[in-house]
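# What the coordinates show
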Amino acid sequence: MQKLDEAKELLVRLEDEKGMQLGGPRGTLMRAGQTVSSAAFVDNMQKAAGQIAGLAIEGGHDEIASDVAALIDELQTECQEESK
């Protein structure tokens with residue numbers, strides 16, 4: 001759940017920069033928080049992070065995009081470690 005909180009914080013930062021709420025990533029993060037299986041959680045988190053990163057890049061918010069990319073990398077690393 002720590003990664004979910006981190007993704008929410010990044011989304012809020014991006015929304016503050018853009019001056020608007022971003023429904024797509026918000027909905028995907030909500031679905032991630034409601035999932036029971038870890039595979040579905042990771043899938044939704046990766047989708048949300050990808051959406052946030054894409055919107056950050058489009059808006060020229062490189063620092064947020066970089067932070068989201070780091071979050072995606074951490075998720076992938078944790079997922080690989082769990083599958084061992």
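Just so it is clear, the structure is predicted and the values come from calculations on it, not from any experiment.

A few words on the pattern of salt bridges. What the rule picks out here adds up to seven salt bridges. Across the salt bridge formed by Glu78 and Lys3, the nearest N and O atoms sit 3.7 Å from each other. Of this pair, Glu78 sits in helix H4 (residues 62–82) while Lys3 sits in helix H1 (residues 2–18), and the two are 75 residues apart along the sequence. On the basis of relative accessible area, Lys3 is assigned to the buried category, the value being 11%. With its nearest N and O atoms 2.8 Å apart, the salt bridge here joins Arg13 to Asp67. Here Arg13, found in helix H1, pairs with Asp67, found in helix H4; they are 54 residues apart in sequence, far enough to count as distant. The exposure class assigned to Arg13 is partly exposed, which follows from its relative accessible area of 31%. The exposure class assigned to Asp67 is partly exposed, which follows from its relative accessible area of 29%. Here the salt bridges share partners, and the residues they tie into one network are Lys3, Glu6, Glu74 and Glu78.

Calculation rules
- Residues numbered from 1 in each chain as written.
- Predicted model: local features only at pLDDT ≥ 70, side-chain atom pairs only at ≥ 80, totals over all residues.
- Heavy atoms only, no water.
- Salt bridge = Lys/Arg side-chain N within 4 Å of Asp/Glu carboxyl O.
- Helix = DSSP H or I, 4+ residues; strand = E, 2+ residues; numbered from the N terminus.
- Buried < 20%, exposed > 50% of the residue type's maximum accessible area, 1.4 Å probe, protein only.

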